Amino acid sequence: MRKRTLFGLAAGTVAAGAATLAYASLVERNMFTLRRYDVPVLPADAEPLRVLHLSDLHMMPDQRRKQQWVASLAALDPDLVVVTGDNMAHPDAVPGVLRALQPLLDYPGAFVFGSNDYTGPVWKNPFTYFLPGREYTEGAALPYEELRDVLTGAGWADLNNARTSIKAGGRLIELVGVDDPHIGQDDYPAVAGPVTPAADLSIALAHAPEPSLLDQMAADGFGLLLAGHTHGGQVCVPGYGALVTNCGLPRAMAKGLHRWPGSDSWLHVSAGLGTHPTAPVRFACPPEASILTLTPR
């Protein structure tokens, strides 16, 4: 009787695990979700401004459902589109990324790259994400210059270690960004400095939200900090949240909108729209894009 009970418990555990894996890989990772946040960063009496934040597409050539869903976001009519990296997951991914972004290229936009814009994914033990200072392993080279040429050709601002100002929504917006801190490509000192008083709004971009970098951006007066990279934890525990952020950011800030500590700046971390191709699962953390409605302070 006892053996039968133990066998039944073991069988139930295996079945529950298989069902959870099936849900995470077949259902939730395709449950594309639009998040909406109000962010009080504009001057008094200013009209609202809408920013569409996309991140971590990790696009594979055949992911037509994702491409169509992202393309449909043009119906939101954003004032500004911001993409915070890791667009590709395959050497032939550029056409798929463009199918997703093409309708959005008609709007003012800005972007930075992540590590998976430069090199493709390689298989890794997912438990290594819990190890601090783990070595980064590069995969196949990706056509990032081809993607850069298309985005800049559409008029989007390349903010990989760059700073500029653009007009969007009838406002002058100062933008700064860095190349991916996760692989040591960031050079914020090259573009650092106080925000321009004449700008109506200041926004800073990075792929990986490393706290030391965010501290510098906030100290310079950038009111809105945008990042991705974390996937929101990708596999979360209901009631507990993300298990890991894959960077120095606290787990409680793995996704969503937060006031950056010790400053007047707001941080929005996108949980992203894709997954590492060798770990195509999401649990309690569906793929997402965000529309940020910027309002007066």
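Our subject in this report is the structure included herewith. Quick caveat: nothing in here was measured; it's all calculated off a predicted structure.

**A short note on the pattern of salt bridges**
Pairing between side chains becomes possible if they bear opposite charge and their charged atoms approach one another.
Thought 1: By the definition in use, this model includes four salt bridges.
Thought 2: The shortest N-O distance in the salt bridge between Arg35 and Glu288 comes to 3.0 Å. With Arg35 in strand β1 (residues 33–42) and Glu288 in strand β14 (residues 288–296), this pair connects stretches of sequence that are 253 residues apart.
Thought 3: On the basis of relative accessible area, Arg35 is assigned to the partly exposed category, the value being 26%.
Thought 4: The residue Glu174 makes a salt bridge to Arg163 at a minimum N-O spacing of 3.0 Å.

**Structural notes on the sheet that holds strand β3 (residues 80–84)**
Thought 1: Within the open sheet, the six strands sit side by side as β1-β14-β2-β3-β4-β5. Their pairing is mixed. Looking at strand neighbours, the two that pair on one side only are β1 and β5 (157–158), the edges of this open sheet.
Thought 2: Of the strand pairs in this sheet, β3 and strand β4 (residues 109–112) are connected by four bridges, and their pairing is parallel. Note on β4: the bridge partner recorded for Val83 is Phe111.

**Considerations on the environment of Asp77**
Thought 1: As for its position among the elements, Asp77 is in the loop between α2 (64–72) and β3.
Thought 2: Separated by 27 residues in sequence, Asp77 and Arg50 have C-alpha atoms that sit 8.3 Å apart.
Thought 3: When neighbours within four sequence positions are excluded, Asp77 is seen to be in contact with Arg50 and Tyr107.
Thought 4: A distance of 3.2 Å separates the side chain of Asp77 from the side chain of Tyr107, its partner in a polar contact.

**Here we look at the side chain of Arg282**
Thought 1: Along the chain, Arg282 falls in the loop between β13 (266–269) and β14.
Thought 2: Although buried, Arg282 forms no salt bridge, and the nearest oppositely charged side chain, Glu28, lies 6.6 Å from it.
Thought 3: Side-chain polar atoms of Arg282 contact the backbone oxygen of His231, separated by 3.4 Å.
Thought 4: Within the structure, Arg282 has its side chain in polar contact with the backbone oxygen of Ala271 (distance 2.7 Å).

Reading guide: rules and limits
- Within any chain, residue numbers begin from 1 and follow the written order of that chain's sequence.
- In keeping with the model being predicted, local features are shown solely for residues with a pLDDT of at least 70 and side-chain atom pairs are shown and tallied solely at 80 or more, while totals for entire chains, interfaces and linings include all residues.
- The basis for every side-chain value is the complete set of heavy atoms in the structure, and neither hydrogens nor water enter the calculation.
- Salt bridge, as applied in this entry: a Lys or Arg side-chain nitrogen positioned within 4 Å of an Asp or Glu carboxyl oxygen.
- Only DSSP runs of H or I covering at least 4 residues are called helices, and only runs of E covering at least 2 are called strands; the numbering of each starts at the N terminus.
- Residue exposure (1.4 Å probe, protein chains only): buried if accessible area is under 20% of the type maximum, exposed if over 50%, otherwise partly exposed.
- Between any two strands, at least two bridges found by DSSP are needed for them to pair.
- Contact criterion: two residues are considered in contact whenever any of their non-hydrogen atoms come within 4.5 Å of each other.
- Any N or O atom pair separated by 3.5 Å or less is treated as a polar contact, with the protein-specific requirement of one donor-capable and one acceptor-capable atom, and with residues adjacent in sequence counted only for side-chain atom pairs.
- Charged residues are defined narrowly, with Lys and Arg counted positive, Asp and Glu counted negative, and His plus the chain ends left uncounted.

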